[in-house]
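Per-entry structural report
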Amino acid sequence: MPGTLYQDALSHLDQAARFAAVEEETLYRLRYPQSTLAFSIPVRMDNGKLEIYQAYRVRHNDSRGPTKGGIRFHPNVSLDEIRALAFWMTLKCALVGIPFGGAKGGVIVNPKLLSRLEVERLSRGFIEQVVDFIGPHTDIPAPDVYTNEMIMGWMMDEYSKIVRRHSPGVITGKPISMGGSLGRNDATGRGAYYCIKELEKKNQWNPKEIRVAVQGFGNAGQHVADLLHRDGYRIVAVSDSKGGIYSNDGFDVPSLVRMKHETHEVQAVYCEGTVCNVVPAKQISNDELLALDVDILIPAALENVIRVDNVETIKAPIIIEVANGPISSKADQILTDKNVLVVPDILANAGGVTVSYFEWVQNKNGYYWGLDEVHEKLYRIMVREFNTVFDIMKKNDINMRTAAYSHALNRLGEAIHAQGTQSYFAANV
Ligand code: NAD
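The text that follows walks through the structure, step by step, so that each part is easy to find. (Residues numbered from 1 in each chain as written. Predicted model: local features only at pLDDT ≥ 70, side-chain atom pairs only at ≥ 80, totals over all residues. Heavy atoms only, no water.)

**Some remarks on the sheet that holds strand 9 (residues 282–284)**
Counted only if it meets this: For two strands to count as paired, DSSP must find a minimum of two bridges between them. Runs of E in the DSSP output that reach at least two residues are strands. Runs of H or I that reach at least four are helices, and both are numbered from the N terminus. Only the stretch in contact is used when fitting a helix axis, every axis being a line fitted to C-alpha atoms; angles between N-to-C directions are given from 0 to 180 degrees.
Taken in spatial order, the seven strands line up as 9-8-7-6-10-11-12 in an open sheet, and their pairing is mixed. Looking at strand neighbours, the two that pair on one side only are strand 9 and strand 12 (341–343), the edges of this open sheet. Each strand of the sheet is rotated relative to its neighbour by a mean of 20 degrees, with strand direction disregarded. Both strand 7 (residues 234–240) and strand 8 (residues 243–246) contribute to a ladder of four bridges, which runs antiparallel. The residue of strand 8 that forms the bridge with serine 239 is glycine 244.

**Overview of the nonpolar core**
Condition: Among the buried residues, those of types Ala, Val, Leu, Ile, Met, Phe, Trp, Tyr and Cys that are joined through side-chain atoms within 4.5 Å form a nonpolar core. Only protein chains enter the accessibility calculation, which uses a 1.4 Å probe; a residue whose area is less than 20% of its type maximum is buried, one above 50% is exposed, and one in between is partly exposed. Contacts are assigned to residue pairs with any non-hydrogen atoms lying within 4.5 Å of each other.
Counting residues in hydrophobic clusters, the biggest one holds 89 residues, and the most contacted among them are Ile296, Ile298 and Ile320. In terms of residue count, helix 3 (residues 79–95) provides more of this core than any other element does, eleven residues in total. Setting aside residues up to four positions removed in sequence, isoleucine 296 forms contacts with Ile196, Trp205, Ile210, Arg211, Val212, Ala213, Tyr233, Ala316, Ile318 and Ile320. If you look at the next biggest cluster of nonpolar residues, it comprises 27 residues, including Phe39, Met45, Ala55 and Val170.

**Quick notes on the site of the ligand**
What counts is decided by this rule: Only heavy atoms are used to decide nearness, and a residue is near a molecule or strand if one of them lies within 4 Å of it. By the criterion applied in these results, polar contacts are pairs of N or O atoms within 3.5 Å in which, for protein atoms, one can donate a hydrogen and the other can accept it, and in which residues neighboring in sequence qualify only through two side-chain atoms. For every accessible area listed, the method is Shrake-Rupley and the probe measures 1.4 Å; residues are considered covered only by the protein chains on display. By the convention adopted, Pro, Cys, Tyr, Trp, Phe, Met, Ile, Leu, Val and Ala count as nonpolar, Lys, Arg, Asp and Glu as charged, and the other residues, Gly among them, as polar.
Around the ligand sit 22 residues, and of these Asp144, Tyr146, Thr188, Asn219 and Asn324 come closest. The separation between an oxygen atom of the ligand and a polar main-chain atom of asparagine 219 is 2.9 Å. Contact distances for the ligand include 2.9 Å between an oxygen atom and a backbone N or O atom of alanine 301. With the chains in place, 88% of the 830 Å² that the ligand exposes on its own is no longer accessible. Broken down by class, the residue content of the shell around the ligand amounts to nine nonpolar, nine polar and four charged.

**Notes on the side chain of serine 167**
Residue position: serine 167 is located in the loop between helix 5 (149–163) and helix 6 (187–203). For serine 167, the side chain forms a polar contact with the main-chain oxygen of arginine 165, separated by 2.7 Å.

**Describing the packing of aromatic side chains**
This is how it is decided: Pairs were defined over the aromatic rings of Phe, Tyr and Trp, the Trp ring being its six-membered one, requiring ring centres within 6.5 Å. Orientation was assigned from the angle between planes: stacked under 30 degrees, edge-to-face over 60, tilted for the rest.
As enumerated under the stated definition, the model contains 13 aromatic pairs in all. Seen from their ring centres, phenylalanine 100 and tyrosine 357 are 5.7 Å apart, and the 90 degrees between their planes marks the pair as edge-to-face. One end of the pair, phenylalanine 100, is in the loop between helix 3 and strand 4 (101–108); the other, tyrosine 357, is in helix 12 (residues 351–365), with 257 residues separating them in the sequence. For phenylalanine 100, a relative accessible area of 1% corresponds to the buried category.

**Some words on the packing of helix 4 (residues 116–130) against helix 5**
Here is the rule we go by: Here the word oblique covers every angle except those under 35 degrees (roughly parallel), over 145 (roughly antiparallel) and from 65 to 115 (roughly perpendicular). Here a crossing is taken to be left-handed if its near helix is turned anticlockwise relative to the far helix by less than a right angle, and right-handed if that turn runs clockwise.
The interhelical angle for the contact between helix 4 and helix 5, taken along N-to-C directions, is 45 degrees, at an axis separation of 9 Å. One finds that helix 4 runs oblique with respect to helix 5. Of the two elements, helix 4 crosses helix 5, and the hand of that crossing is right-handed. For the pair formed by helix 4 and helix 5, the contact residues are Arg116, Val119, Glu120, Ser123, Arg124, Phe126, Ile127 and Glu128 on the first element and Ile151, Trp154, Met155, Asp157, Glu158, Tyr159, Lys161 and Ile162 on the second.

**What to know about the sheet that holds strand 4**
Strand order in this open sheet of five strands is 1-2-4-3-5, and the pairing throughout is mixed. Looking at strand neighbours, the two that pair on one side only are strand 1 (35–44) and strand 5 (139–143), the edges of this open sheet. Pairwise comparison of adjacent strand axes, ignoring direction, gives a mean angle of 25 degrees for this sheet. Relative to strand 4, strand 2 (residues 50–61) is paired through six bridges, and the arrangement is antiparallel. Bridging across to strand 4, arginine 59 finds its partner in alanine 103.

Spelled out as structure tokens, the structure:
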């Protein structure tokens, strides 16, 4: 039985369906993940001991194309979480109009406790177990929390060795030298940045007056903070798993990023360094960061960080969901009632999967694009879909999440209806 996060994620479907031209059958299909693989990965540790790690890969729905979604290494991974993340991928790919369905994978592990060689063995072991489940035309993984381009490279290499064919299209987010795309690294943050730039135009903001707080200073959080900072926005708070920092004047983001990466260099494949001790600033907790009186709040860490028990502390009038599922459905309703504008995850963080799609297209063709071409294509898609969703929101007087879901549902409905639903088949009986 699906657990609570998945059910919470599904709860938005019915609401959105009222504004979409889909038959009940489409919703019925989307409530059930297509296939679920639960498996274990034996890893020989450096000290000779054998450890077994529990892992999952869920393919949610492939009506619009091969399934696509990241692999997460985190101690809190659960099947329920992976199902929810796979469901959001189905909607996200439909929302931006790329020909993929949704999937997600995860391993229950704290990778910060593993050596580099142990992480490599775990990554290759993951592929060994899912090799019959994934492929360039079936299911295409990518990075997510605590996985990175080096891990994607190991995984692609392992897959290619097993099938005895060079297969760059099996995975995205690879190193450039192994068939990765220029512009993939910052694509998630950049997509969110393009959404904020559209809001800037609509609201005629002066970036220097806009204070931004970013929870989660990893791949996605760092890039959106950096791009906004370059345009003059004041990044007044950032945090990672160990805590946060606050400066009313705003941070020099490139030096924060540099320091975080330098710490990373001397640690493992993972960034164990915390942003807390790299610049003189007031230290704050993650809860305090969420409650700051800022103009834009960007949750960019994990899901379910804004819940019924802390939603009343939120003061930001605008939330950009760079993380997947950072707001529970009940908290979301409370924010809507308070007129907080939430740019939903399936739109705000869709830049990552969009450039993953570009990477896959380049891998299939064996012809690689320049950075400007990637940026221009990403910009066009993000701006088009942001404004479509914004207009649906205004036209129907609904929140942006419902608008985004209804837009995605229309595209999914077209693909599902194209194969015939009850109304088609019953008419001929
Ligand atoms: P990452 O591993 O690069 O970074 C995660 C960051 O979150 C780290 O800085 C970590 O310290 C921090 N963190 C972890 N637990 C935390 C906590 N309890 N409080 C505050 N910070 C915490 O991961 P990422 O790729 O940047 O992914 C972040 C979010 O963005 C996830 O929800 C992911 O699903 C989503 N996302 C990522 C991509 C992508 O392309 N990387 C694409 C779409 C969505």
